[in-house]
Amino acid sequence: MGPYFEQNVRTQVELVEPMNPAIKRTIDLMNSKGCKVYFGRWLIEGNPCVILFDVAATSWNLDHWKAELWECCSIGIPWYDREANDAVLFGFLITWFLGEFVVQCKGDCPFIITHFHEWLSGVGLIMCRNRKIPVATIFTTHATLLGRYLCAGNVDFYNNLSHFDVDREAGERQIYHRYCMERAAVHCTHVFTTVSEITAVEAEHLLKSKPDVVTPNGLNLKKFSVMHEFQNLHSRSKMRIQEFIRGHFYGHLDFDLDKTVYFFIAGRYEFTNKGADVFLEALARLNYLLRAHQSAVTVIAFFIMPARTNNFNVESLKGQAIRKQLWDTANRVKEKFGSKLYESLLVGQLPDVNRMIDREDLTMMKRALYSTQRHSLPPVCTHNMLDDSTDPILNTIRRLSLFNHPNDRVKVIFHPEFLSSTSPLLPLDYEEFVRGCHLGVFPSYYEPWGYTPAECTVMGIPSISTNLSGFGCFMEEHITDPSAYGIYILDRRFKGLDECCNQLTSFLYSFCQQSRRQRIIQRNRTERLSDLLDWRYLGRYYTHARLLALAKAFPSNFSQDITRMSASFHYPQPNSPSSSFHSSPRYSESNDVRYNEEEEDEKDRKNIKLSSSMDLVPEQNKSLNDVLASSNYNIINHTIPASAMPTNPSSSTNPSKPSNPGSSTNPSSSTNPSKPSNPGSSTNPSSSTNPSKPSNPSSSTNPSKSSNPSSSTNPSKSPNPSSSTNPSKSPNPSSSTNPTKPANRSDASKPANPGDTSSPSNSTEARKSTPG
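Residues numbered from 1 in each chain as written. Predicted model: local features only at pLDDT ≥ 70, side-chain atom pairs only at ≥ 80, totals over all residues. Heavy atoms only, no water.

A. Looking closely at the sheet that holds strand β3 (residues 37–42). Across the sheet, which stays open at both edges, the four strands sit in the order β1-β4-β3-β2 with mixed pairing between neighbours. At either end of the open sheet lies a strand with only one pairing partner, and these are β1 (2–3) and β2 (13–15). Bridge count for β3 against strand β4 (residues 49–53) is five bridges, and the pairing is antiparallel. Bridge pairing in β4 links Tyr 38 to Leu 52. This element, helix α2 (residues 21–32), spans β3 and β4 of the sheet and lies at about 140 degrees to β3. Each of β1 and β4 is contacted by helix α4 (residues 82–104), which is oriented at about 125 degrees to β4, the strand it contacts most. (Pairing = 2+ DSSP bridges. Helix = DSSP H or I, 4+ residues; strand = E, 2+ residues; numbered from the N terminus. Contact = heavy atoms within 4.5 Å. Axes fitted to C-alpha atoms, helices over the stretch in contact; angles between N-to-C directions.)

Listed below in structure tokens is the structure:
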């Protein structure tokens, strides 16, 4: 259930008649009273049903509903906040619909579970509880509203969580009414969930309520699954990126593309929240290291973050045109050369090399060669920026002098626009681009979940995340040694900013020391983690939240203490090794490293905690099934007694006071109590004692989010290993211990000499480790 936007509906929804007669009667009744309600099928995999409400069509009732909201919970909505006013309209429409649907079921009403996402849908939940509509409610926040505003203002957020005066902070930012809507929904709901353990801590302090369940965000693996082809796709996409590089760096292509690695960061343009400041600082230090050790490796770092631009940079377009001209010239000369060679061989003579290329060909090649001469450095930004002088990325690049100079081993390309396969500059969509890169870098400071590193993982691309992101905490909890699987987790919670930059530099430098064979093995390992992020696995946490909501909303029908039982479910936690293996074999000039499938399988069995919590506790699972089955209640067919049915608040003749709002994902969705699936809530596994890897003190439980076209926004869009280097060949620039004081978000200092830091310890087992 969600708001109706005509432009989106035209391309994404097929409007049809509802099959459920009660839903059809409810929609017809609301439409007859001046509302505009639509029913259809969302054109995505599974074709879920959607119910859409045109909020603008009922704006005539806004003042009445705002007054009712004030009377029931003393939340006043200012007239100038259009987004909050739309949230009120949407919430009351949802409540109206749910109340009318219960009445239209005519005593044969199923148990209804309504799942509300974000503060925008909170009014619907509040009014459902206020009007005592018999539905079980779940509220999920993907990131707290106040938390987003505080982090956007560069506040030392995590160090001061317990000290914020939340009312004053919300009032100063003129979002107090929105904050009250979110907080009221949290305290009214039967079950409160969030997407990660780190967001649960945030919600406990800012919303004054501890989440009942952590529901991680998953991915539909069918969209990304290519089986063993992912390595070939990486090679093909990398070749297309190389074509762009040849044009962008024309005249300065003095580095070996076969020894070039591609890093990238992508997402919303939040300079500090997304960690772009830390990434740039680490790139400057990495550049110093690679130059100091005369490394043959070149790093090209992409920043894919949309910003205000007016067009492509002329110099960038010129580079691609020159590359194409050179390609066409080479093809013409090749065709003429091949024809002459063929004719010479036909007459039985060896070709005279001096006559194979005539003067016309030489002239053509000289003209093409002269056109590649360049008197300026390759551009850092591919577009013309509207705020060039104040842009934080460009200003930091100027401060660090990362100007793509020929002597630099680190090159930077800022692409301030989302990628598209129709672009004349870099004609790749985002998925193809990610597959062609070697490493995704997401050192976020504020990242409730983090879809970008999750997408890298399912595509077999190693990534760097932090212990302040939901994804990083989730991976630390489920994998004994994330670094062995290409999931590098940066400690931004208990390290200062300079130490974080050193640790990130260490990860990047270690990755640069890997051979091509080692990177292939690491990609194989990373892709093996895909099942951890599949909705088929993470959906159990949603089921768990729904069972809890049913038990709280209908205690007489679901009297089993599911909360107590589920608290005892846990994942097996194998003992962490005394020292973690390197993420890949020790660097060697030779590429004769072997990939042993049996050894990899054995490593997975030891390190990945994939077992279902229901399988681990069969006795408790059996008792829960028996209790629910013995009650002989069918959630779909069970009838609520007439005494429990509310009067019809929405059937009054006064259309200005409808009765049922609230934003739910699927008002008729219900679970079967005779076959409950119980998502175990995992405990916090012991962190690895690898001395070269900082321990992550905040391992998360599990995050998740349902894919629903409804209004609820999903603001999350963000793992962490110990880097493996050969200490005998290269120093590790970041081997800092874990201080007790949390991180401070001051500006990163200028590049320090990473050679001053100590090299990480390298155990005997690590030096002897194989690809498995």
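B. The arrangement of the side chain of Asn 273 in detail. Tracing the sequence through the fold places Asn 273 in the loop between β9 (260–266) and α12 (276–292). Residue class for Asn 273 comes out buried when judged on its relative accessible area of 4%. One polar contact links Asn 273 to Glu 270, side chain to side chain, over a distance of 3.2 Å. (Buried < 20%, exposed > 50% of the residue type's maximum accessible area, 1.4 Å probe, protein only. Polar contact = N/O pair within 3.5 Å; in protein donor to acceptor, adjacent residues only side chain to side chain.)

C. Geometry of α2. Across its twelve residues, α2 extends 16 Å between first and last C-alpha, which sits within 8% of the 16 Å expected from 1.5 Å per residue. Along α2, the residues that are buried comprise Ala 22, Ile 23, Thr 26, Ile 27 and Met 30. Axial view of α2: buried residues confined to an arc of 130 degrees, hence all on one face. Along α2, the residues that are exposed and aim more than 90 degrees away from the buried face are Pro 21 and Ser 32. (Expected span 1.5 Å × (residues − 1). Arc of directions from axis to C-beta.)

D. Focus on the packing of aromatic side chains. The full count for this structure, using the stated rule, is 28 aromatic pairs. With centroids separated by 5.9 Å and ring planes inclined at 80 degrees, the aromatic side chains of Phe 53 and Phe 97 adopt a geometry described as edge-to-face. Here the residue Phe 53 occupies a position in strand β4, and Phe 97 occupies one in helix α4, the gap between them amounting to 44 residues. Across the pair, Phe 97 and Phe 53 agree in class, each one buried. Centre to centre, the rings of Phe 249 and Phe 255 are 5.6 Å apart; their planes meet at 85 degrees, and the pair counts as edge-to-face. (Phe/Tyr/Trp six-rings, centres within 6.5 Å; stacked < 30°, edge-to-face > 60°.)

E. Representation of the pattern of salt bridges within the structure. Evaluated as defined, the whole model comprises 31 salt bridges. For Glu 68, the salt bridge is made with Arg 131, and the minimal N-O distance between the two is 2.7 Å. One end of the pair, Glu 68, is in helix α3 (residues 62–73); the other, Arg 131, is in the loop between α5 (122–130) and β6 (136–141), and 63 residues separate them in sequence. Of the two residues, Glu 68 and Arg 131, neither departs from the other in class, the shared state being buried. Between Asp 387 and Arg 308 there is a salt bridge, with its nearest N and O atoms 3.3 Å apart. One end of the pair, Asp 387, is in the loop between β12 (383–385) and α16 (392–400); the other, Arg 308, is in the loop between β10 (298–304) and β11 (309–312), and 79 residues separate them in sequence. A relative accessible area of 54% places Arg 308 in the exposed class. Three or more residues are tied together by salt bridges with common partners; here these are Lys 336, Lys 340, Asp 358, Glu 360 and Asp 361. (Salt bridge = Lys/Arg side-chain N within 4 Å of Asp/Glu carboxyl O.)

F. Quick look at the environment of Trp 119. Residue position: Trp 119 is located in the loop between β5 (113–117) and α5. Along the primary structure Trp 119 and Glu 182 are separated by 63 residues, whereas in three dimensions their C-alpha atoms are 4.6 Å apart. In this structure Trp 119 touches Glu 83, Ala 84, Ala 87, Phe 139, Leu 145, Arg 178, Met 181 and Glu 182, once residues within four positions along its chain are discounted.

G. Expanded view of a nonpolar patch on the surface. On the surface, Phe 337, Leu 341, Leu 345, Ile 357, Leu 362 and Met 365 cluster together to form a nonpolar patch covering roughly 450 Å² of accessible area. With three residues, helix α13 (residues 314–346) is the largest single contributor of residues to the nonpolar patch. As for its position among the elements, Leu 362 is in helix α15 (residues 359–371). Using a relative accessible area of 40% as the deciding quantity, one classes Leu 362 as partly exposed. (Patch = residues over 30% accessible without salt bridge, like charges linked within 9 Å, V, L, I, M, F, W, Y side chains within 5 Å. Areas by Shrake-Rupley, 256 points an atom, 1.4 Å probe, with all protein chains shown as cover.)

H. Looking closely at the sheet that holds strand β7 (residues 191–194). Reading across the sheet, the four strands line up as β5-β6-β7-β8 and stay open at both edges, with parallel pairing between neighbours. With partners counted over all chains shown, the strands left at the sheet margins are β5 and β8 (213–214), one partner each. Bridging between β7 and β8 involves two bridges; their strand directions are parallel. Directly across from Thr 193, in β8, lies its bridge partner Val 213. On the sheet, α5 packs against β5 and β6 and is oriented at approximately 155 degrees with respect to β6.

I. How the structure looks around the packing of α12 against α16. The contact between α12 and α16 brings their axes to 10 Å, and the two run at 25 degrees. In terms of their interaxial angle, α12 and α16 are classed as roughly parallel. For the pair α12 and α16, the sense of crossing is right-handed. In contact with Leu 280, Glu 281 and Ala 284 of α12, α16 contributes Ile 393, Thr 396, Ile 397, Arg 399 and Leu 400. Each residue belonging to the contact of α12 with α16 can be placed in one class, and the counts come to five nonpolar, one polar and two charged. (Parallel < 35°, antiparallel > 145°, perpendicular 65-115°, else oblique. Left-handed = near helix turned anticlockwise from the far one by under 90°. Nonpolar A, V, L, I, M, F, W, Y, C, P; charged D, E, K, R; others polar.)

J. Here's a closer look at the state of the cysteines. Here the structure, examined in full by the defined rule, presents zero disulfides. Not part of a disulfide, Cys 105 finds its nearest cysteine sulfur in Cys 109, a span of 4.2 Å. For Cys 105, a relative accessible area of 12% corresponds to the buried category. Between Cys 437, a cysteine without a disulfide, and Cys 456, which holds the nearest cysteine sulfur, the sulfur-to-sulfur distance is 8.2 Å. (Disulfide = S-S within 2.5 Å.)

By themselves, these observations are geometric and do not establish any function.
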